[in-house]
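The lines below spell out each chain.
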Amino acid sequence: MQETKALIVSPHPDDLEIGMGGTACLLLEKGIDVVSVVVTDGRRSANPLGVSQEELVRTREREVRESSEILGVEISLLGFSDMESDSNKREFSSRIGEIITNLRPNEIYLPHPEIDKHRTHRTVSRLTIDCLNAAIKEIPFECECWFYEVWTPFPSYDRIEDITSFADRKRRAIEAHRSQTAYKDYTDGIMGLNRYRGAFHDTADGFAPLWAEVFIKHDSG
Ligand SMILES: [Zn+2]
């Protein structure tokens, strides 16, 4: 059987943890090869302690390394300052295009390119999808693309994952991002959303997880 490979793209150092920290653990437990790419260094994020940008970048790197260790995910930090300038967008497209071509993942996970309210998330996702389409055209391979839930709750979804066994690890991974939770403690907000997803899932099929993460499938048309 062909090895399954998943590429998870995090625009900021804490997006994977928030949107799919539990599912990342689940993929690893299934023996799926998970590659996680963190696009920006988080220098533009909340800075509640008022440290220099350089210090914030170092702090966020320490935090994401700690949270990834909690989840067991290997990360690659691309270190972009932001995704605003055309040159950064071009450079990111080239880097992510290269990663996709080399890895040929069976699954890619991204924030939603339209529903997510954070502009950097939408930009990163749109550029990644463009690069995926170009790569598939060049070297045909099968790849499903899934959107995970970060800044904006989804009105509906195509997939639900039971993350009950990993809820504690997910919580600890989010809490590792202390510089961000010091500004706004979103841990309970995210875990609450995951409880909501489990509690309000249509149980007609008898599937009733305590904690769950949901995904929208990208229709490549
Ligand atoms: Zn983010």
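Here the structure is a predicted model, which means the values were calculated and not measured.

1. Remarks on the overall build of the chain
Next, step 1: Across its full length, the chain carries seven helices and seven strands.
Next, step 2: In the chain, the succession of α and β elements from N to C terminus is β-α-β-α-β-α-β-α-β-β-α-α-α-β.
Next, step 3: A compact globule built from 221 residues would reach a C-alpha radius of gyration of about 17 Å, and the chain, at 17 Å, matches this within 12%.
Next, step 4: The C-alpha extent of the chain, read off along each of the three principal axes, is 50 × 45 × 30 Å.

2. Re the pairing of strand 7 (residues 212-217)
Within a regular beta strand, the side chains point alternately toward one face of the sheet and then the other, so they alternate between its two faces.
Next, step 1: As paired strands, strand 5 (residues 144-148) and strand 7 are joined by three bridges and run antiparallel to one another. If you follow Trp 146 over to strand 7, its bridge partner there is Lys 217.
Next, step 2: Relative to strand 7, strand 6 (residues 159-162) runs antiparallel, the two sharing four bridges. Its bridge partner being in strand 7, Asp 162 is matched across the sheet by Ala 212.

3. Observations concerning unusual backbone geometry
Next, step 1: The phi dihedral of Arg 104 falls on the positive side, at around 45 degrees, and the residue is not glycine.
Next, step 2: Mapped onto the fold, Arg 104 is located in the loop between helix 3 (86-103) and strand 4 (107-111).
Next, step 3: Taking the number of C-beta atoms within 10 Å as the measure of exposure, Arg 104 has 15 and is therefore partly exposed.

4. Here's the deal with the packing of helix 1 (residues 15-29) against helix 5 (residues 167-175)
Each packed pair of helices is defined by two parameters, the angle between the axes and the distance between the axes.
Next, step 1: The geometry of helix 1 relative to helix 5 is characterised by a closest axis approach of 9 Å and an angle of 140 degrees between their N-to-C directions. Compared by their axis directions, helix 1 and helix 5 come out oblique. The interaxial crossing formed by helix 1 with helix 5 has right-handed handedness. Across the interface between the two elements, Glu 17, Ile 18, Gly 21, Gly 22 and Cys 25 from helix 1 touch Ala 167, Arg 169, Lys 170, Ala 173 and Ile 174 from helix 5.
Next, step 2: Considering only residue class, the contact of helix 1 with helix 5 consists of five nonpolar, two polar and three charged.

5. Considerations on the packing of helix 5 against helix 7 (residues 187-199)
Next, step 1: For the pair helix 5 and helix 7, the least separation of the axes is 10 Å and the interaxial angle reads 155 degrees. Classified by the angle between their axes, helix 5 and helix 7 sit roughly antiparallel to one another. Two packed elements cross with a definite hand, and for helix 5 against helix 7 that hand is right-handed. Along the contact surface, helix 5 presents Ala 167, Arg 171, Ile 174 and Glu 175, while helix 7 presents Thr 187, Ile 190, Met 191 and Asn 194.
Next, step 2: The class makeup of the residues in the contact of helix 5 with helix 7 is four nonpolar, two polar and two charged.

6. A closer look at helix 5
Next, step 1: Inspection of helix 5 places Ala 167, Lys 170, Arg 171, Ala 173 and Ile 174 among the buried residues, and these make up the whole buried set. All buried residues of helix 5 project into a common sector of 160 degrees when viewed along the axis, lining one side.
Next, step 2: In this structure, the buried side of helix 5 is in contact with helix 1, helix 2 (53-71) and helix 7.

7. Examining the pairing of strand 4
Next, step 1: Strand 4 sits mainly inside the fold: four of its five residues count as buried.
Next, step 2: Here strand 1 (residues 5-10) runs beside strand 4; their pairing, made up of three bridges, is parallel. Looking across to strand 4, one finds that Ala 6 is bridged to Glu 107.
Next, step 3: Relative to strand 5, strand 4 runs parallel, the two being bridged by five bridges. Residue pairing for strand 5: Glu 107 is matched across the bridge by Glu 144.
Next, step 4: Once the chain exits strand 4 it traverses helix 4 (residues 119-138) before rejoining the sheet at strand 5, and the crossover so formed is right-handed.

Here is what the cut-offs are and how they apply
Residues numbered from 1 in each chain as written. Predicted model: local features only at pLDDT ≥ 70, side-chain atom pairs only at ≥ 80, totals over all residues. Helix = DSSP H or I, 4+ residues; strand = E, 2+ residues; numbered from the N terminus. Rg over C-alpha atoms; globule rule 2.2 N^0.38 Å. Pairing = 2+ DSSP bridges. Buried ≥ 20, exposed ≤ 12 C-beta atoms within 10 Å, placed from the backbone. Axes fitted to C-alpha atoms, helices over the stretch in contact; angles between N-to-C directions. Parallel < 35°, antiparallel > 145°, perpendicular 65-115°, else oblique. Left-handed = near helix turned anticlockwise from the far one by under 90°. Contact = placed C-beta atoms within 7 Å. Nonpolar A, V, L, I, M, F, W, Y, C, P; charged D, E, K, R; others polar. Arc of directions from axis to C-beta. Right-handed = clockwise from strand over helix to strand, strands pointing away.

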